[in-house]
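Letter by letter, the chains look like this.
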Amino acid sequence: MSVIPLVFTSGWASGINAYAVVLLLGLFGATGVSDEVPAALQRTDVLIVAGVLFLCEAVADKIPYVDSVWDTAHTVIRPVAGAVVAALLAGESGSLPELAAGAIGGSTALMSHLVKAGTRMAVNTSPEPFSNVGMSIAEDLGVAGVITFAIFNPVAGAVIAAVLLVLGIVTVLFLASRIRRFLRRRAQRREEKRLAGTGGHWPPG
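Rules behind the numbers
Along each chain, the written sequence defines residue order, and numbers are assigned to residues from 1. For this predicted model, a pLDDT threshold of at least 70 governs which residues receive local features, and a threshold of 80 or more governs which side-chain atom pairs are given and counted, while totals over whole chains, interfaces and linings are taken from all residues. The basis for the side-chain values is all heavy atoms of the structure; hydrogens and waters are excluded. Helix and strand definitions here come from DSSP, where helices need a minimum of 4 consecutive H or I residues and strands a minimum of 2 consecutive E residues; each element is numbered from the N-terminal end. Per-residue accessibility, obtained with a 1.4 Å probe over protein chains only, is compared with the maximum for each type, and a residue is labelled buried under 20%, exposed over 50%, and partly exposed between these values. Only heavy atoms matter for contacts: two residues are in contact if any of them lie within 4.5 Å across the pair. The Shrake-Rupley method, run with a 1.4 Å probe sphere, supplies the accessible areas, and residue values consider only the shown protein chains as cover. To obtain the arc, one takes the directions from the helix axis to the C-beta atoms. A patch is a set of surface residues, each over 30% in relative accessible area and not in a salt bridge, joined within 9 Å for like charges and within 5 Å for the nonpolar side chains Val, Leu, Ile, Met, Phe, Trp and Tyr. Definition used for salt bridges: Asp or Glu carboxyl oxygen within 4 Å of a side-chain nitrogen of Lys or Arg. Among buried residues, the Ala, Val, Leu, Ile, Met, Phe, Trp, Tyr and Cys ones that are joined through side-chain atoms within 4.5 Å form a nonpolar core. Axis lines are fitted to C-alpha atoms, over the contacting stretch for helices. Their N-to-C directions set the angle, which ranges from 0 to 180 degrees. For any helix crossing, the convention is left-handed if the near helix is rotated counterclockwise from the far helix by under a right angle, and right-handed if that rotation is clockwise. When charges are counted, neither His nor the chain ends are considered; positive counts come from Lys and Arg and negative counts from Asp and Glu. For charged residues, the charge sits on one atom: NZ in Lys, CZ in Arg, CG in Asp, CD in Glu. Helix span is expected to be 1.5 Å times the residue number reduced by one. Polar contact criterion, stated in full: a pair of N or O atoms within 3.5 Å, where within protein one must be able to donate a hydrogen and the other to accept it, and residues adjacent in sequence count only if both atoms are side-chain atoms.

Caption draft 1: Structural context of the overall build of the protein. Along the protein, the regular secondary structure elements total 9 helices and 0 strands. Listing each helix as α and each strand as β along the protein from the N terminus yields α-α-α-α-α-α-α-α-α. Viewed in the frame of its principal axes, the protein has a C-alpha envelope of about 65 × 35 × 30 Å. A total of 205 residues make up the protein; the buried ones form 44% of that total. Of the contacts formed within the protein by residues at least 6 apart in sequence, a portion of 73% connects residues at least 24 apart. Counting every atom, the protein has about 10300 Å² of accessible surface; 73% of that belongs to carbon and sulfur.

Caption draft 2: Local environment of helix H4 (residues 66-73). Three or more residues of H4 are buried, namely Asp67, Ser68, Trp70 and Asp71. The buried residues of H4 all sit within an arc of 160° when viewed along its axis, so they share a single face. More than 90 degrees from the buried face of H4, the exposed residues found are Val69 and Ala73.

Caption draft 3: Seen up close, a nonpolar patch on the surface. Together, Phe149, Val155, Val159, Ile160, Val163, Leu164 and Leu167 make up a nonpolar patch on the protein surface, roughly 560 Å² of accessible area in all. Summarising the element assignment, Phe149 is placed in helix H7 (residues 130-152).

Caption draft 4: Quick look at the nonpolar core. The biggest cluster of nonpolar side chains holds 39 residues, and the ones touching the most others in it are Val3, Trp12, Leu25, Val143 and Ile147. Listed by contribution, the elements that provide at least two residues to this core are helix H1 (4-30), helix H3 (44-60), helix H5 (77-93), helix H6 (98-123), H7, helix H8 (154-174) and helix H9 (176-198). Broken down by element, the residue count for this core peaks at 13 residues, all from H1.

Caption draft 5: Up close: the packing of H1 against H8. Running from N to C, H1 and H8 cross one another at 40°; their axes reach a closest spacing of 8 Å. H1 and H8 meet at a crossing whose hand is left-handed. Where H1 abuts H8, its residues Pro5, Phe8, Thr9 and Trp12 lie against Pro154, Val155, Gly157, Ala158, Ala161, Ala162, Leu164 and Leu165.

Caption draft 6: Up close: the pattern of salt bridges. Counted according to the given criterion, the structure contains 10 salt bridges. When salt bridges that share partners are traced, they join Glu57, Asp61, Asp67, Asp71, Arg78, Lys116, Arg120 and Glu139 into one network.

Caption draft 7: Looking closely at a positive patch on the surface. A cluster of like positive charges, contributed by Arg178, Arg180, Arg181, Arg184 and Arg185, occupies part of the molecular surface. Residue position: Arg184 is located in helix H9. According to the relative accessible area criterion, Arg184 is exposed, its value standing at 53%.

Caption draft 8: Quick peek at unusual backbone geometry. For Tyr65, which is not a glycine, the phi torsion comes out positive at approximately 70°. Position of Tyr65 relative to the elements: it lies in the loop between H3 and H4. Taking the relative accessible area as the measure of exposure, Tyr65 reaches 27% and is therefore partly exposed.

Caption draft 9: Region of interest: H7. If you check H7, its first and last C-alpha atoms are 34 Å apart, about what 23 residues at 1.5 Å a residue would give, namely 33 Å. Buried within H7 are the following residues: Asn132, Ser136, Glu139, Asp140, Val143, Val146, Ile147, Ala150 and Ile151.

Caption draft 10: Geometry of the side chain of Asp61. On the secondary structure map, Asp61 appears in the loop between H3 and H4. Looking at Asp61, the relative accessible area reads 1%, which means it is buried. In this structure the side chain of Asp61 is engaged in a polar contact, spanning 3.4 Å, whose partner is the side chain of Ser136. Leave out the neighbours within four places in its chain, and Asp61 touches Asp67, Asp71, Lys116, Arg120, Asn132, Ser136 and Glu139.

Given below as C-alpha cells:
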C-alpha cells in the first residue's frame, strides 16, 4: 500500500506536536507494533530527546501567551520535522519518492501549525487560563489518537486528519477578529517594554 496516507497524517500531526509524532512512531517501531517506522526514529537517543522535548512542550503549551511564543519559535521546526518524518517513512516503504513525501509532509505540517497558532492567539484573548489547558490536552489526545489509528488504518487516519485540518482552517477564519485583537495586544506590550527600557513615556491621551 502507498505510504501517502501515513505521510499526510504524520505531517498534519507534526504541525500540532512534532515531538509527540516522533516519540509515538519511534515507540511503535521499537516495540514491533508497526513495520512502517524507519530505524532512525527508533533509536534510543532520538526517543529520549523527543520525550524530553515533548514534556517541555506539554508545559509551555498550557500557559497563556507562552504557548504563542512557543508556536512562533516552532514555525520552522514543525514543518521541517513533518518533512523529515515523511521522507523517512517514504524511504522505508519505497513506494513514494522521498522528495515528494517531504513536500507533502512539510506543507501539511505548515498548514496545521498555522491553524494551531491562530487558534491559540484567539484563545489568548480570553483572560482565564483554563481554555489553554483544555486546548492543549485536546491537541495532545488528538495527535496520539489519530497517529495510533493511522498506524493500523492509514487511509481512514488520513481522512480524519484532512477533515480536522479543514475544520481548523474554517475555525481560524471564523476567529480572525480575535486573532487580530491578540496581535494588537502583543504589539502594545512590546511597545510598552521598549518605552520602559528607554525611559520613555506614553504621550498624554
